[in-house]
Amino acid sequence: MASPSYKLQCDCGQVKATLKSSSEDQNLIQVAGFCHCKPCRDCTGAPMIEFWAVKEDSITFDEDGSGEEALGKYKMKDYEMIRHFCKSCGQHMYNSNKFPGLMIVGVNALKNHNDSVGKDEATKSGIHLHYSERVHDCHDSLPKFLNFPEPFGGDGKLFGEDEENKTAEE
């Protein structure tokens, strides 16, 4: 079975790319979830973002190269991440450098994301990251990591494991 592909496009259409697994036997989406960290909230103005972690080699820009040329980059101060955004409309497209070999794609950058996200198990969000930084509590059954799971360099602690974890409403 062919690996699915997804189109990335900013609001003004200057940045266009395709996400597709680099090999047929590899899943495109390594992790899908919600991030509550302050930098993600700051760049979107939202209380959290929905993201996909994909391999860096899974992005291909349009053949004319115009999509890649339209990208701006910003190295975040005090954070090991580079934000990639459209120079024209400013839309956040993805982050790189935090997790070697992975890109963190905001699902809002997927063209027709309402038709793609959550329609099958691979695209459903399965975790919350940086839940200790949340603005609002989320009442779902997904694991809520205070920072990151251990395989991604975090301590693997989950919300509610000790008394220090308070709700956002307290």
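Here the structure is a predicted model, which means the values were calculated and not measured. Along each chain, the written sequence defines residue order, and numbers are assigned to residues from 1. Local features in this predicted model are restricted to residues whose pLDDT is 70 or higher, and side-chain atom pairs enter the listing and the counts only when it is 80 or higher, whereas totals over whole chains, interfaces and linings include all residues. With hydrogens and water excluded, all non-hydrogen atoms of the structure serve as input to the side-chain values.

**Q** Account for the environment of Val31, naming residues and giving values.
**A** The helix count covers DSSP runs of H or I at least four residues long, the strand count covers runs of E at least two residues long, and both are numbered beginning at the N terminus. Following the sequence through the fold, Val31 ends up in strand β3 (residues 29-35). Relative accessibility decides the category of a residue: with a 1.4 Å probe and only protein chains considered, values under 20% of the type maximum give buried, values over 50% give exposed, and everything between is partly exposed. Residue Val31 is classed as buried on the basis of its relative accessible area of 16%. Along the sequence, Val31 and Ile104 sit 73 residues apart, while their C-alpha atoms lie 9.3 Å from each other. Contacts are residue-level and defined by heavy atoms, with any inter-residue pair within 4.5 Å sufficient. For Val31, the residues in contact, after removing those within four places along its chain, are Phe51, Trp52, Ala53, Ile127 and Phe152.

**Q** Mind laying out the pairing of strand β4 (residues 49-55), listing which residues take part and the relevant values?
**A** Most of β4 sits inside the fold, with 5 of its 7 residues counted as buried. Sheet analysis places β3 next to β4, joined by 6 bridges and oriented antiparallel. Note on β4: the bridge partner recorded for Phe34 is Glu50. At least two bridges found by DSSP between two strands is the condition for calling them paired. Bridge count for β4 against strand β9 (residues 102-106) is 5 bridges, and the pairing is antiparallel. Pairing of Lys55 across the sheet is with Leu102, part of β9.

**Q** Can you tell me about the pattern of salt bridges, naming the residues and giving the values?
**A** Only one rule defines a salt bridge in this text: a Lys or Arg side-chain nitrogen within 4 Å of an Asp or Glu carboxyl oxygen. Scanning the model with the defined rule gives 3 salt bridges in all. Asp42 is paired through a salt bridge with Lys38; the nearest N and O atoms lie 2.9 Å apart. With Asp42 and Lys38 both in helix α1 (residues 38-44) and 4 residues apart, this pair spans about one turn of that helix. Owing to a relative accessible area of 52%, Asp42 belongs among the exposed residues under this scheme. For Lys38, a relative accessible area of 44% puts it in the partly exposed group.

**Q** Now, about the environment of Lys55: what can you tell me, with residues and values included?
**A** Along the chain, the position of Lys55 falls in strand β4. Take Lys55: its relative accessible area is 31%, and that puts it in the partly exposed class. In the structure, Lys55 is positioned 45 residues away from Pro100 in sequence and 9.1 Å away in space, judged by C-alpha atoms. Excluding residues that lie within four positions of it along the chain, Lys55 makes contacts with Gln26, Leu28, Gln30, Gly101 and Leu102.

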